[in-house]
Amino acid sequence: MTDDRLGDLTAIEQEAVAASRSGEWFEAEGLDLLRLTHTHDPRYQIRAEVVRDLLLGRHGPLDPRGVRLAGVQITGPLDLEDVDAEVGLKLVDCALPEVMNLTGAHLPRLTLDGSRLVGIAAHGVEIDKDCSLDGVVVRCSAPEPALTMVTARIGGMLLIRDAVIVNASGPAFTGEAMSVGEILSMAGSTLRGTGSTASIYLVKAHIGYANFDELTVANDRGPALQCSNLRSDSHVWLRRAKVRGTGSVALSLTDAHIGGSLSLDLSQVQNHDGAAVTLNDTTVQNHVLVRAAHLRGGGSRVALDLSGARVDGLANLDRVDVANYQGGSALGAEGASVGKYLFVRDARLLGTSPAGAVRFPRARIGSSVEFNGTTITNGVGPGLHAESADIGHSLFFRDATVHASHSRGSVWVFGVHIGGTADFSRTTVTNMAGPALEAERMRTDGHLVFSGTEFRGRGTRATVQLPGAHVRGNVHCPTMRVESESGQILDLVDAVVDGAITIPTELICPEPRGTSCVRAKSVNVDGMTCGSLGSPWREWLHVIRRHGFAYRPQPYQHLAAIERAAGHDNNAREVLIAQQHHLSRDSAGVGGLLARAIHLLWGVLAGYGFRARRTAIALFLAVAVAGCLGWLAGQVETRPGHHAAERVRPATVQPDAPGTPCSTVELVGLGLDRGLPLGVTGLRARCDLDTASTPGQRFTIAIWIVQFCIFGLATLAIAGYTNLIRKTP
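Definitions and limits used
- Within each chain, residues carry numbers counting from 1 in the order of the written sequence.
- Local features in a predicted model are, by the rule used here, given only for residues with pLDDT of at least 70; side-chain atom pairs are given and counted only at 80 or more, and totals for whole chains, interfaces and linings are based on all residues.
- Each side-chain value is derived from all of the structure's non-hydrogen atoms; neither hydrogens nor water enter the calculation.
- Aromatic rings from Phe, Tyr and Trp, with only the six-membered ring used for Trp, were paired whenever their centres fell within 6.5 Å, and each pair was classed as stacked if the ring planes differed by under 30 degrees, edge-to-face if by over 60, and tilted otherwise.
- Here a strand is any run of E in DSSP of at least two residues, a helix any run of H or I of at least four, and the numbering for each starts at the N terminus.
- Accessibility here uses a 1.4 Å probe with only protein chains present; expressed as a share of the type maximum, an area under 20% marks a residue as buried, one over 50% as exposed, and anything in between as partly exposed.
- Patch rule: a residue counts if its relative accessible area is over 30% and it has no salt bridge; like charges are joined within 9 Å, and nonpolar side chains (Val, Leu, Ile, Met, Phe, Trp, Tyr) within 5 Å.
- Here the accessible surface of atoms and residues is derived via Shrake-Rupley with a 1.4 Å probe, and residues count as covered only by protein chains that are part of the display.
- By definition here, a salt bridge exists when the distance from a side-chain nitrogen of Lys or Arg to a carboxyl oxygen of Asp or Glu is within 4 Å.
- Positive charges come from Lys and Arg, negative ones from Asp and Glu, while His and the chain ends are left out of the count.
- For this purpose, a charge sits on NZ of Lys, CZ of Arg, CG of Asp or CD of Glu.
- Think of each axis as a best-fit line through the C-alpha atoms, taken over the contacting stretch in the case of a helix, with angles from 0 to 180 degrees between the N-to-C directions.
- Angles below 35 degrees are treated as roughly parallel, those above 145 as roughly antiparallel, those between 65 and 115 as roughly perpendicular, and all remaining angles as oblique.
- Contacts between residues were defined by any pair of non-hydrogen atoms, one from each residue, lying within 4.5 Å.
- Three categories are distinguished: nonpolar for Ala, Val, Leu, Ile, Met, Phe, Trp, Tyr, Cys and Pro, charged for Asp, Glu, Lys and Arg, and polar for the others, with Gly belonging to the last.
- To define a nonpolar core, start from buried Ala, Val, Leu, Ile, Met, Phe, Trp, Tyr and Cys residues and group those joined through side-chain atoms within 4.5 Å.
- Only strands joined by at least two bridges in the DSSP assignment are considered to pair.
- In this description, the term disulfide denotes a pair of cysteine sulfurs within 2.5 Å.
- What a helix should span is 1.5 Å times the count of its residues minus one.
- A residue's pLDDT is the confidence the predictor assigns to it, expressed on a 0 to 100 scale.

(A) Geometry of the packing of aromatic side chains. Applying the stated criterion to the full structure yields 6 aromatic pairs. Judged by centre distance (5.6 Å) and plane angle (40°), the ring pair of Phe424 and Phe450 falls under tilted. On the criterion of sequence distance, the pair formed by Phe424 in the loop between strand E55 (422-423) and strand E56 (428-431) and Phe450 in the loop between strand E59 (448-449) and strand E60 (454-457) is long-range, its members being 26 residues apart. Each member of the pair, Phe424 as well as Phe450, is classed as buried.

Below, the structure written as structure tokens:
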């Protein structure tokens, strides 16, 4: 039967059979691939059924090297469906004008390098070792994929390098649920598909290692590369690739699992209708590298979306250029987890979403986050939105530029926890519709640094918002500049700084030591506490007194406590006296007119309880006035021979008898006796006021007033020395 089949073969077919049986290559030379595709010369043609018969052993036993043909045209459809071949097939630089069918076939190996085809249907094919399609050209216009390898099983490598696969009416390559034991390489290939199905569709594929370096893939009516639920045991390289798609996403790796690193270094991904790259809920056991990539997204989707992703290593986006001009964010990592560093250095990120240009709320970063040298722009929302993120070490935002427009902060780090230092040195943050920095309830275990930082904000709220923030280290703000449309530049309400706070008071007032100034800028430090001050206490006192939003007692009390703890009791008293002065200016703080008058008198006479010497002097003067009044009463005549103060007349003396003048000592003693609230000198028994006369009554009333003053002053003096007077609200 074998001989009969050989008799039906053409001369070239007989040579091919002989070569296959002897283990030799059969090569027909003389035509290039394009001419070979369209030739009708029988010297270059081998019928497809001859190849099938060879693999089925119908032309006798074959050499283990298998069927190896080069430079021939396979005429007719090469139908190897369900063929279980014992040897491999190699068609190098061959032309197959009709679809090659490998559905359900089993081959030890398959090579189609450099061949030109109109389609390969390999659904469920099993290849024990390598499958090589390097340099193939597949062009068609069909709803079916140009290359189909759905549920295929490749035991070794699948190589589709430097290939061109184009389908004008459907996908280019579909490998859904396929399995590649070693490497899947499409490096340098060009694939173009058309339609709602991705040009390259590798959903649920399982591969050992993927190399898509310098791949060009496009789809003008749908996704370009769809790798959702992909499983890679090692790395996935997509470096220097060019990806263009439309629809919801251009390149999708959603819910993928990558056992090594993922790299998109130097790649270009474009999608004007949706996301450029999505890594939602993807797990990468090593690093994610998107260095110097150029990504363009559109619509409401995030251009580069890592939301829910888990990266065990670092994520490096240095020099990346990501933009979404049509209503979406540039970079999103909401709820993502990065085991080590997140680098976004010298990058350009542009978004047009109210949710933020860069978003990673509730993200967890194991080590530091760096945005050094990066430019973030968003005309309709925050620049950076990182609410409730957890950063294991430091946040570096140095030499960066953020320009945004939103009622929230341009940099919105509400509730963020930073395990190390937060450094915004030499960064410029601008918000055209609200605060520049929104860091309410931020917690940093290291320092907070604003060295050379420039904040610009608009609206009614303070430009730099730090209410409720907790800094375990120092707050260091030399050469910081803050601009505010409303004049409110800092909000430090209930902020806690365990170390020193160094804010240049010249930032708030050009002459911070003055007692008065034009209040062009204001700060709110109510409830703020710190370990120490990096500026002179008088400058801080001026800021509290002249640049606070309103009178609040706590800033004065805390400043006094800091000075007292440093052993500067006099400074502490100055601060508390200044507090009372501020309180007296606040009509609602003291009360009505009478209360304000009493409060003012208390300040004049007793320094609000902090100037006991002043009270003692006032008391001495009051006592002196009492003595003077007694002496003066002895000089005023009430009637001829009588004075307002004179010797006490014995009962036996006639009423019209002349009075006896008191000595000077007796008159002074009379004033003291009458003026002192407690204790008497006993002189009134010899010399006293004539209360029956009008002048005597006047002197009596005057001395009563002095007595009342002495009583009050004595009370204030005692209270001042014994610290009984407490600091008022």
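That covers the picture; the talk isn't over yet.
(B) Seen up close, a negative patch on the surface. On the surface, Asp84, Glu86, Glu126 and Asp128 cluster together to form a negatively charged patch. Tracing the chain through its elements places Asp128 in the loop between strand E12 (126-127) and strand E13 (131-132). The exposure class assigned to Asp128 is partly exposed, which follows from its relative accessible area of 41%.

(C) Representation of the packing of helix H5 (residues 537-547) against helix H6 (residues 553-565) within the structure. Two elements in contact, H5 and H6, have axes separated by 10 Å at closest approach and are oriented at 170°. When the interaxial angle is binned, H5 and H6 end up roughly antiparallel. Across the interface between the two elements, Trp537, Trp540, Leu541, Ile544 and Arg545 of H5 pack against Pro555, Tyr556, Leu559 and Glu563 of H6. Considering only residue class, the contact of H5 with H6 consists of 7 nonpolar, no polar and 2 charged.

(D) Fine view of the nonpolar core. Grouped together as the largest cluster of nonpolar side chains are 178 residues, with contacts concentrated most on Met149, Phe173 and Phe371. When near neighbours in sequence (up to four residues on either side) are disregarded, Met149 contacts Ala122, Val125, Cys131, Ile154, Leu158, Phe173, Thr174, Gly175, Glu176 and Met178. Grouped together as the second largest cluster of nonpolar side chains are 15 residues, Leu629, Ala633, Leu667 and Ile703 included.

(E) Looking closely at the pairing of strand E18 (residues 164-167). Sheet topology places strand E14 (residues 137-140) next to E18; 4 bridges connect them, and they run parallel. If you follow Val138 over to E18, its bridge partner there is Ile165. Relative to strand E21 (residues 190-193), E18 runs parallel, the two being bridged by 3 bridges. In the strand pairing of E21, Val166 is matched with Arg192.

(F) How the structure looks around the state of the cysteines. Across all of its chains, the model carries 1 disulfide by this definition. In this model Cys662 forms its disulfide with Cys687; the gap between the sulfur atoms is 2.0 Å. Between Cys662 and Cys687, the S-S torsion sits near 110°, and that sign places the bridge as right-handed. Of the two residues, Cys662 is situated in the loop between strand E71 (645-647) and helix H11 (664-675) and Cys687 in strand E72 (residues 687-689); the sequence distance between them amounts to 25 residues. Comparing Cys662 with Cys687 shows no difference in burial state: the two are buried.

(G) Examining H6 more closely. Helix length check: H6, at 13 residues, gives a terminal C-alpha distance of 18 Å against a target of 18 Å (1.5 Å per residue), a fit within 8%. Buried within H6 we find Pro555, Tyr556, His558, Leu559, Ala560, Ile562 and Glu563. Of the residues one or two after H6, Gly567 is the one with positive phi, at around 85°.

(H) Structural context of the confidence of the model for the chain. With 89% of its residues at a pLDDT of at least 70, the chain reaches an overall mean of 88. Predicted confidence is poor over residues 724-729, with pLDDT under 50, and the contacts of this stretch with residues over four places away or in other chains come to 18 contacts.

(I) Quick look at the pattern of salt bridges. Enumeration over the complete set of coordinates arrives at 26 salt bridges. The salt bridge involving Glu483 is made with Arg481; its shortest N-O contact spans 3.5 Å. Judged by its relative accessible area of 34%, Glu483 is partly exposed.

(J) Spatial organisation of unusual backbone geometry. One non-glycine residue with positive phi stands out, namely Asn229, at about 60°. Within the secondary structure layout, Asn229 lies in the loop between strand E25 (225-226) and strand E26 (231-232). For Arg240, which is not glycine, the phi dihedral falls at a positive 55°. Secondary-structure assignment places Arg240 in the loop between strand E27 (236-237) and strand E28 (242-244).

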